[in-house]
Amino acid sequence: MKLPLKKLAEHVGGYVIGDGDCLIERVATLKNASAGEISFLTNLKYKGELQATRASAVIISEKHATECLTNALVVTNPHPAYAKIATLLYTEKTSLQGIHPTAVVEPGCEIDASVWIGPHCVVETGVSISAGTVIGPGCYLGKHVSIGKDCELTANISVMHHSRLGDRILLHPGVVIGADGFGQANDNGKWIKVPQVGAVQIGNDVEIGANTTVDRGTIEDTIVEDGVKLDNLIQIAHNVRIGKNTVMAACTAVAGSSTIGENCAIGGCVAISGHLSIADNVTITGRSTVLQSVRTSGVYSSSTPLEPNNLWHKNHIRFKQLDEMAKRIKVLEKELENLRG
Amino acid sequence: MKLPLKKLAEHVGGYVIGDGDCLIERVATLKNASAGEISFLTNLKYKGELQATRASAVIISEKHATECLTNALVVTNPHPAYAKIATLLYTEKTSLQGIHPTAVVEPGCEIDASVWIGPHCVVETGVSISAGTVIGPGCYLGKHVSIGKDCELTANISVMHHSRLGDRILLHPGVVIGADGFGQANDNGKWIKVPQVGAVQIGNDVEIGANTTVDRGTIEDTIVEDGVKLDNLIQIAHNVRIGKNTVMAACTAVAGSSTIGENCAIGGCVAISGHLSIADNVTITGRSTVLQSVRTSGVYSSSTPLEPNNLWHKNHIRFKQLDEMAKRIKVLEKELENLRG
Amino acid sequence: MKLPLKKLAEHVGGYVIGDGDCLIERVATLKNASAGEISFLTNLKYKGELQATRASAVIISEKHATECLTNALVVTNPHPAYAKIATLLYTEKTSLQGIHPTAVVEPGCEIDASVWIGPHCVVETGVSISAGTVIGPGCYLGKHVSIGKDCELTANISVMHHSRLGDRILLHPGVVIGADGFGQANDNGKWIKVPQVGAVQIGNDVEIGANTTVDRGTIEDTIVEDGVKLDNLIQIAHNVRIGKNTVMAACTAVAGSSTIGENCAIGGCVAISGHLSIADNVTITGRSTVLQSVRTSGVYSSSTPLEPNNLWHKNHIRFKQLDEMAKRIKVLEKELENLRG
């Protein structure tokens, strides 16, 4: 789709400096853009590329607009403006509707006529799917799953029985929603399964990355609130609750019954223990380990630094002596005090 | 299913204080239970909710039974008793038998007549499946896979050629059993594949969580013994052996040829190096890093604490000075000794 | 397949000490080998098993050949020689060609006549697949995906639109190539999706382990170069570039826009932050955390040691005092200097 720059400006509530009629077809980086492409400046690390860019236009803040030698689309916040423009240029809404002949849909489902169910899907009895939703190939929807409107399940996704998904949800391949939580009771040395009779509730506008798993609750539900964005290969255990608009990067794990607040930003490879509570507006940097609740908003971290292996060996072994070292310092301080005294 | 409380007591070898005829239909938490529901008290953190519960009955130990204002089902160990009762109330054994018309089953398989093979499954030649096993939709069983009786493969699972699974195994969606181990031989700077000609053996009563991977052995087999329970997104590398009744929480990884003993409890996000040996009855807490064998049973840990980011920065950088700090303490101690002397 | 030992020697450019006509059918470990089997000695830890082995032959370096009591196949480098021999003995090239009747292949694809597309695959329009490639059951290939020759996609793999794969690529079950990268722009407190309009390029001779995910680029492509080998459950984020012949063990994560050099060896459970650069020939040991670029080749590590839980508790808490401890040491040094002065 080709659109005039002024049309894009209108779409994002910005204004044009330069030629509002120039036609934009694609997005590109400042460095590699060519005619017909629009780029953007958000990370000032790339400001050096602004002068040489061959983009037809650049989405830019007022502050830097004068440094733009090509057409400028000036906005308050270039990143979401870029996102909206790219969405406009690239979204080709599928016109697919109906049920592919190879899909298996059991009786007793309520599926809106505008829904698409792709090849080799399996939809168990009691499933409901609202208008505009697209179920890609190879997906499995268990009994009594409900899915809201305008969702996209891309491919090879498993949504287990009684999971309830809101509207405008995007699930990437390999996602598993509502598998049993990890519940085992020890019966004289042998583990017996604790049935997981809760379900999963997912709010509106949630995106979940490839191969991420969200387990069903033990008795009550696991809950992912509106606007949550989860990256790939994340584990959300049973009875976790993730608050509105919280984002979480790849390979992070949240153990059972923990609650994450709203508007949190959890980095990648973070491990969060079970039965904890994380306040709203908490940022946890990548690879952190969270063994206690976080009661106050702020930025938190753990992890140790990368070192050349031979140096690391020396420091690594000293970790075991930390407590002893602290005590020896205390002794030294006392002795010195005595000497001085 | 509705059952009288005395029937449930009989099922778990407990006794009733109160009305043994009251009918129980579902489980619930103490806090949210209502009439017809049974709850339980195992975590004393929730004891405060005992008095106000509207549950029809509570599974409880003798010690706390007198504090229960509703009907009490008294048992020695409430957690497994709860598990057994929930299993009784919720299990609806599928009556499905046979092979769905969309499943592809190659000739040369031995499949018991009571087995169910769901839609869009693919079963290669030489596969054997014993009585009562359910293969859910979209599963792939490679050549010469054997699966015991009363197993459940939920959906979208891949079991690669020659894997051998025991009885009463439960696999959650996205599980991959018997993919090639990671074997690469360096041939003058280029990596060439080491064929993985071993297989995977999984014992009886094993449960494996969503998207967990268990690799096949390089020459001999990777082995998961009876009663092992693995959570989601776990990696079990080639030639690992996991001993009986060991449990492992999500996102843990065990590198090649390591042996984990029996009755171990491995937390989530634990990394276990290759060619190690972990003794029986070892507990390793979440996020630990295991670079050496653990020869003695006990509880082990590693990891560093979460801190506000600005404080972490200061301590993080000091990690690189640990060895130097230890040496400086030693020097100080000597100098002080000299001074005193 | 049974082959005479001298044939195998020829295949790997080695020579036989002993009976070159003895027939070899399988590989085995030194310990468990029997007649008709060939073993190898690479890890000297197993040298003690050399004398008692019942293998018909052992692949061995010149240095240790005299210690071999059975037939020896002498080579410069036993590990790749073993890999080549095992490949020769075990490879049964599938003779399958064509498209399984249950596969759904949309019009507008270019698929070589020698390609096999297995049951329940879904191939969207515009896909091209070159000679000799095998697409196993349940795979999904999105629009305009291109796949080179002699690749194997084992089963239940998702390759999203416009991904471009080279020749001789091996993908294990559950792999997801080209799912959207994790791009979210904050628009007054609400996250809006940044369309991921780049793709994924994968070079030749790449192997990718089970349930690993490689995200598509935001604007330009995510790139995995020739000869890269990725283990299971790895996350490669958008716009990452992984250099030639780099290997990466399981559960490692590389955040967005980071560049890994050639011939690197990245251990398992490593976390690499975004926008970093790792030089060529860098080894990073398992569980390391990489928060800064690594400019020089070498071996690097981080992580803290495993300890009995009670000792760990004491040292763990001291981590928060590290900076203070360092300062106190400095004060002590000054005071001592004053005392001495």
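This structure is a prediction, so every number in the text was calculated from the model and none was measured.

(A) The arrangement of the overall build of chain A in detail. Per the secondary structure count, chain A includes five helices and 40 strands. Taken over the C-alpha atoms alone, chain A extends approximately 85 × 60 × 35 Å along its principal axes. Contacts in chain A between residues far apart in sequence, at least 24 positions, make up 18% of those at least 6 positions apart. Element-wise, carbon and sulfur atoms account for 49% of the exposed surface of chain A, whose accessible area totals about 13100 Å². Seen as two clouds, the 31 positive and the 34 negative side-chain charges of chain A have centres 7 Å apart.

(B) Molecular detail of the relation of the copies chain C and chain A. Overlay of chain C on chain A (RMSD 0.1 Å): rotation 120 degrees, translation along the axis 0.0 Å. The superposition of one copy onto the other is thereby described by a three-fold rotation axis.

(C) Region of interest: the confidence of the model for chain A. Summing up the model confidence of chain A, the mean pLDDT is 96 and the portion of residues at 70 or higher is 100%. For this predicted complex, the interface confidence comes out at an ipTM of 0.96, alongside a pTM of 0.97.

(D) Seen up close, the sheet that holds strand E11 (residues 116-117) of chain C. Read from one edge of the open sheet, 12 strands run E40(A)-E39(C)-E37(C)-E34(C)-E31(C)-E28(C)-E25(C)-E20(C)-E17(C)-E14(C)-E11(C)-E8(C), paired in mixed fashion. Two strands in the sheet have a free side with no partner beyond their single neighbour: strand E40 (307-308) of chain A together with strand E8 (98-99) of chain C. Judged from the two bridges that link them, E11(C) and strand E14 (residues 134-135) of chain C form a sheet pairing that is parallel. Following the sheet pairing, C:Ile117 is matched in E14(C) by C:Ile135.

(E) Representation of the interface of chain C and chain A within the structure. Counting residues at the interface gives 75 residues for chain C and 70 residues for chain A. Where chain C abuts chain A, roughly 5900 Å² becomes buried across the two surfaces, and 64% of that area is made up of carbon and sulfur atoms. For chain C, the biggest contributors to the area lost against chain A are C:Phe182, C:Trp191 and C:Ile219; these three give 11% of the whole. Where chain C touches chain A, the interface holds five salt bridges. A salt bridge links C:Asp187 to A:Lys84, with the nearest nitrogen and oxygen atoms 2.9 Å apart. Inspection of the region where chain C meets chain A yields 29 residue pairs in polar contact (both at pLDDT 80 or more). Elements with a minimum of two residues in the side of chain C that touches chain A: strand E22 (184-187), strand E23 (190-193), strand E38 (289-290), strand E39 (298-301), helix H4 (309-318) and helix H5 (322-340) of chain C.

(F) Structural detail: a nonpolar patch on the surface. Side chains of A:Leu339, B:Leu339 and C:Leu339 sit close together on the surface and give an oily, nonpolar patch of about 210 Å² of accessible area. The residue C:Leu339 is located in helix H5 in this model. Accessibility expressed as a relative area gives 35% for C:Leu339, which makes it partly exposed.

(G) Representation of the domain arrangement of chain A. Each assigned domain of chain A is listed here: domain 1 (3-90), domain 2 (98-300) and domain 3 (309-340). If you average the C-alpha positions of domain 2 of chain A and of domain 3 of chain A, the two centres end up 47 Å apart.

(H) Geometry of empty space enclosed by the protein. Taken as a whole and judged by the stated rule, the model has four cavities of 30 Å³ or more. Considering only enclosed or pocket space, the largest cavity measures out at about 340 Å³ in volume. Lining the largest cavity are 36 residues, with A:Gly138, A:Asn156, B:Asn156, C:Gly138 and C:Asn156 positioned closest to its centre. When its residues are assigned to classes, the lining of the largest cavity shows 18 nonpolar, 18 polar and no charged. Each pocket or cavity is described by its volume, and for the second largest cavity that value is around 220 Å³. If you go around the second largest cavity, you meet 14 residues; those closest to its centre are A:Cys251, A:Cys269, B:Cys251, C:Cys251 and C:Cys269.

(I) Representation of the sheet that holds strand E40 (residues 307-308) of chain B. Taken together, 12 strands build an open sheet; the order of strands is E8(A)-E11(A)-E14(A)-E17(A)-E20(A)-E25(A)-E28(A)-E31(A)-E34(A)-E37(A)-E39(A)-E40(B) and the sheet is mixed. Because the sheet does not close on itself, it has two edges, and the strands there are strand E8 (98-99) of chain A together with E40 of chain B. Relative to strand E31 (residues 247-248) of chain A, strand E28 (residues 229-230) of chain A runs parallel, the two sharing two bridges. Looking at the pairing, A:Leu230 lines up with A:Met248 of E31(A).

(J) A look at the interface of chain B and chain A. With 70 residues of chain B in contact, the opposing surface of chain A contributes 75 residues. For the chain B and chain A pair, buried surface summed over both sides reaches about 5900 Å², with 64% attributable to carbon and sulfur atoms. Counting every contact that joins chain B to chain A gives five salt bridges. Notably, a salt bridge pairs A:Arg318 with B:Asp323, separated by 2.7 Å at the nearest N-O pair. Put simply, chain B and chain A have 30 residue pairs in polar contact (both at pLDDT 80 or more) between them.

(K) Quick peek at the pairing of strand E22 (residues 184-187) of chain B. All names here are of chain B. By the bridge criterion, four bridges tie E22 to strand E23 (residues 190-193) in an arrangement that is antiparallel. Along E23, the bridge assignment pairs alanine 185 with isoleucine 192. Turn length for the E22-E23 hairpin, with the two strands adjacent in sequence and antiparallel, is two residues, and the turn residue asparagine 188 shows positive phi of about 55 degrees.

(L) Local environment of the packing of helix H1 (residues 5-12) of chain A against helix H3 (residues 78-90) of chain A. Residues and elements named next belong to chain A. At a closest axis distance of 10 Å, the pairing of H1 and H3 adopts a crossing angle of 125 degrees. Between H1 and H3, the crossing angle belongs to the class labelled oblique. Like other packed secondary-structure pairs, H1 and H3 cross with a definite hand, here right-handed. In this structure, H1 uses Leu8, His11 and Val12 to contact H3, whose residues at the interface are Ala81, Lys84, Ile85 and Leu88. Residue classes in the contact of H1 with H3 are distributed as five nonpolar, one polar and one charged.

(M) The arrangement of H3(A) in detail. End to end, H3(A) covers 18 Å across 13 residues, agreeing with the expected 18 Å (1.5 Å per residue, within 8%). Burial in H3(A) covers these residues: A:Pro78, A:Pro80, A:Ala81, A:Tyr82, A:Ala83, A:Ile85, A:Ala86 and A:Leu89.

(N) Here's a closer look at the pairing of strand E6 (residues 57-61) of chain B. Residues and elements named next belong to chain B. In terms of burial, E6 is a largely internal element, five of the five residues being buried. Every second residue of E6 is oriented toward a common face, with Ala57, Ile59 and Ser61 on one face and Val58 and Ile60 on the other, all of them buried. Of the pairings in the sheet, the one linking strand E5 (residues 37-40) to E6 comprises three bridges and is parallel in character. Along E6, the bridge assignment pairs serine 39 with valine 58.

(O) Here's a closer look at the pattern of salt bridges. Considering all chains together, one arrives at 45 salt bridges over all chains under this definition. Between B:Glu335 and C:Arg340 there is a salt bridge, and its shortest N-O distance comes to 2.1 Å. In this pair, B:Glu335 is assigned in helix H5 (residues 322-340) and C:Arg340 in helix H5, connecting two distinct chains. Note on B:Glu335: relative accessible area 26%, which makes it partly exposed. Judged by its relative accessible area of 46%, C:Arg340 is partly exposed. Here C:Lys47 and C:Glu67 are joined by a salt bridge, their closest N and O atoms 3.2 Å apart. With C:Lys47 in the loop between strand E5 (37-40) and strand E6 (57-61) and C:Glu67 in the loop between helix H2 (62-65) and strand E7 (71-75), this residue pair connects regions lying 20 residues apart in the sequence. Using a relative accessible area of 30% as the deciding quantity, one classes C:Lys47 as partly exposed. Via salt bridges that share partners, A:Glu25, A:Arg26 and A:Glu37 belong to a single interconnected network.

(P) Inspection of the packing of aromatic side chains at higher detail. Summed over all chains, the structure comprises six aromatic pairs over all chains. One aromatic cluster is present, formed by A:Phe319, B:Phe319 and C:Phe319 through successive ring pairs.

(Q) How the structure looks around unusual backbone geometry. Here A:His162, not a glycine, exhibits a phi torsion of approximately 70 degrees, which is positive. Summarising the element assignment, A:His162 is placed in the loop between strand E18 (158-159) and strand E19 (164-165). Overall, A:His162 belongs to the partly exposed group, its relative accessible area being 36%. In this structure, C:Asn263 takes a positive phi of about 55 degrees despite not being glycine. Within the secondary structure, C:Asn263 is located in the loop between strand E33 (259-260) and strand E34 (265-266).

What counts, and at which threshold
Residues numbered from 1 in each chain as written. Chains lettered and ligands numbered in written order. Predicted model: local features only at pLDDT ≥ 70, side-chain atom pairs only at ≥ 80, totals over all residues. Heavy atoms only, no water. Helix = DSSP H or I, 4+ residues; strand = E, 2+ residues; numbered from the N terminus. Contact = heavy atoms within 4.5 Å. Areas by Shrake-Rupley, 256 points an atom, 1.4 Å probe, with all protein chains shown as cover. Lys, Arg positive; Asp, Glu negative; His and termini not counted. Charge placed at Lys NZ, Arg CZ, Asp CG, Glu CD. Least-squares fit on C-alpha atoms with pLDDT ≥ 70 in both. pLDDT = per-residue confidence, 0-100. Pairing = 2+ DSSP bridges. Buried area = accessible area lost by both parts, 1.4 Å probe. Salt bridge = Lys/Arg side-chain N within 4 Å of Asp/Glu carboxyl O. Polar contact = N/O pair within 3.5 Å; in protein donor to acceptor, adjacent residues only side chain to side chain. Patch = residues over 30% accessible without salt bridge, like charges linked within 9 Å, V, L, I, M, F, W, Y side chains within 5 Å. Buried < 20%, exposed > 50% of the residue type's maximum accessible area, 1.4 Å probe, protein only. Domains from an automatic or database assignment. 1 Å grid on protein atoms, 1.4 Å probe; cavity = no way out; pocket = protein on both sides within 12 Å on 5 of 7 lines; lining within 4 Å. Points joined across faces, edges and corners; volume = space filled by probe spheres on them. Nonpolar A, V, L, I, M, F, W, Y, C, P; charged D, E, K, R; others polar. Axes fitted to C-alpha atoms, helices over the stretch in contact; angles between N-to-C directions. Parallel < 35°, antiparallel > 145°, perpendicular 65-115°, else oblique. Left-handed = near helix turned anticlockwise from the far one by under 90°. Expected span 1.5 Å × (residues − 1). Phe/Tyr/Trp six-rings, centres within 6.5 Å; stacked < 30°, edge-to-face > 60°.

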